[in-house]
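Analysis of the macromolecular model
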Amino acid sequence: MKMDFYKFFGYLSWLNYIWWLLELNIVMLAVNLSLVLVLFLAEADMWALPVLLVTGITIGPSTLAAFESMPYIEDGIVRHYFRALKGSWKRCLKIWIPIWLLAIVMTADIMILEKYQVMEPLKWCTVILLLFLASFVLGFFLVWAQWGQKAKDAAVLACKISFVKPLRFHLNLLILLGAVVLLSQKQIYLLLYGVALSAFLIHKNFMPIAQFVNQRPENQDCEACSGDGKAALSAGSSLYPESHGRELL
């Protein structure tokens, strides 16, 4: 009976995640408020793309901050989110702006080809490339948030993981799309939980990959990491450093 009692309250504690994810979702929507307004008010046409280009620059830093703060969801997710956002804003923008510009250009190509009904193979090739770009960027942000490497090292590691663990690596995009599609059946759920729940599930899906990398023999002894860096490696979190100065995998 005692074990059942504690097990019941253990399951009940998971209800806290409803509130924590709601908090995270609200602050992420607030950071991306201009983009949210454009998505709700503007029509889906070519004229909206320049506005999306400007308002979408906050997507990258806010997503990276969400992944960095996710290990601390039980210890004040909002506080850790803004701490991560402040620490990663400038360095992330340098990477995110070219990626976002490329995504907008690819989207414009798709819309033009769809409007004039020409070059169908090229259109679908561009769609596939755009999906691969989105999948890789998600994986890159997860790697960057997990180990806090330099952007170049994180990109190289993300490429390696995409070949070593391709199914789980690219599953992140399916989780994102699936969560949006399911929650969109009730618009209020999509608004209140869509972004944060997707980030939470994607982070959970990435944890086996992080454990796989950390358990490799060449990564067991981290001489380049000291203090908080070693704690971050064992805990599976970067603690928002600029770089641990090491190459993984």
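Placed above this text is the structure.
Residues numbered from 1 in each chain as written. Predicted model: local features only at pLDDT ≥ 70, side-chain atom pairs only at ≥ 80, totals over all residues. Heavy atoms only, no water.

**Here we look at the overall build of the protein chain**
Going by this rule: Secondary structure follows DSSP: runs of H or I at least 4 residues long count as helices, runs of E at least 2 residues long count as strands, and numbering of each begins at the N terminus. Each residue's exposure class comes from its accessible area (1.4 Å probe, protein chains only) as a fraction of the maximum for that residue type: buried when under 20%, exposed when over 50%, partly exposed otherwise. Contact between two residues is taken to exist if any of their heavy atoms lie within 4.5 Å; hydrogens are not considered.
Of regular secondary structure, the protein chain possesses eleven helices and zero strands. In the protein chain, the succession of α and β elements from N to C terminus is α-α-α-α-α-α-α-α-α-α-α. Per-residue burial for the protein chain yields a buried fraction of 43% across its 249 residues. Considering only intrachain contacts with a sequence separation of at least 6, the fraction spanning at least 24 residues in the protein chain is 71%.

**Remarks on the layout of surface pockets**
So the rule is basically this: Throughout, the protein atoms alone are placed on a 1 Å grid, and a set of points is a cavity if a 1.4 Å probe fits but cannot get out or a pocket if it is open with protein on both sides within 12 Å along at least five of seven lines; lining residues have an atom within 4 Å of a point. Grid points are joined across faces, edges and corners, and a volume is the space filled by probe spheres set on the points. Under the grouping applied here, Gly and all other residues not named as nonpolar or charged are polar, the nonpolar ones being Ala, Val, Leu, Ile, Met, Phe, Trp, Tyr, Cys and Pro and the charged ones Asp, Glu, Lys and Arg.
Each pocket or cavity is described by its volume, and for the largest pocket that value is around 1,600 Å³. Taken together, the residues of the lining of the largest pocket sort by class into 31 nonpolar, seven polar and no charged.

**Focus on helix 2 (residues 16-31)**
To keep it simple, the criterion reads: An expected span of 1.5 Å times one less than the residue number is assigned to each helix.
With 16 residues, helix 2 ought to run about 22 Å at 1.5 Å a step, and its terminal C-alpha atoms sit 23 Å apart, in line with that. Elements that come into contact with the buried residues of helix 2 comprise helix 5 (59-69), helix 6 (77-116) and helix 10 (187-214).

**A closer look at the environment of Thr55**
The condition that has to hold: We define a polar contact as two N or O atoms separated by no more than 3.5 Å, with the added condition that, inside protein, one atom must be a possible hydrogen donor and the other a possible acceptor, whereas residues neighbouring each other in sequence contribute only through side-chain atom pairs.
Take Thr55: it is sitting in helix 4 (residues 49-55). Since its relative accessible area comes to 11%, Thr55 is described here as buried. The spacing of Thr55 and Leu39 is 16 residues in sequence and 10.0 Å in space, taken between C-alpha atoms. Once residues within four sequence positions are removed from consideration, Thr55 is found in contact with Ser34, Leu35 and Val38. A distance of 2.9 Å separates a polar atom in the side chain of Thr55 from the backbone oxygen of Val51.

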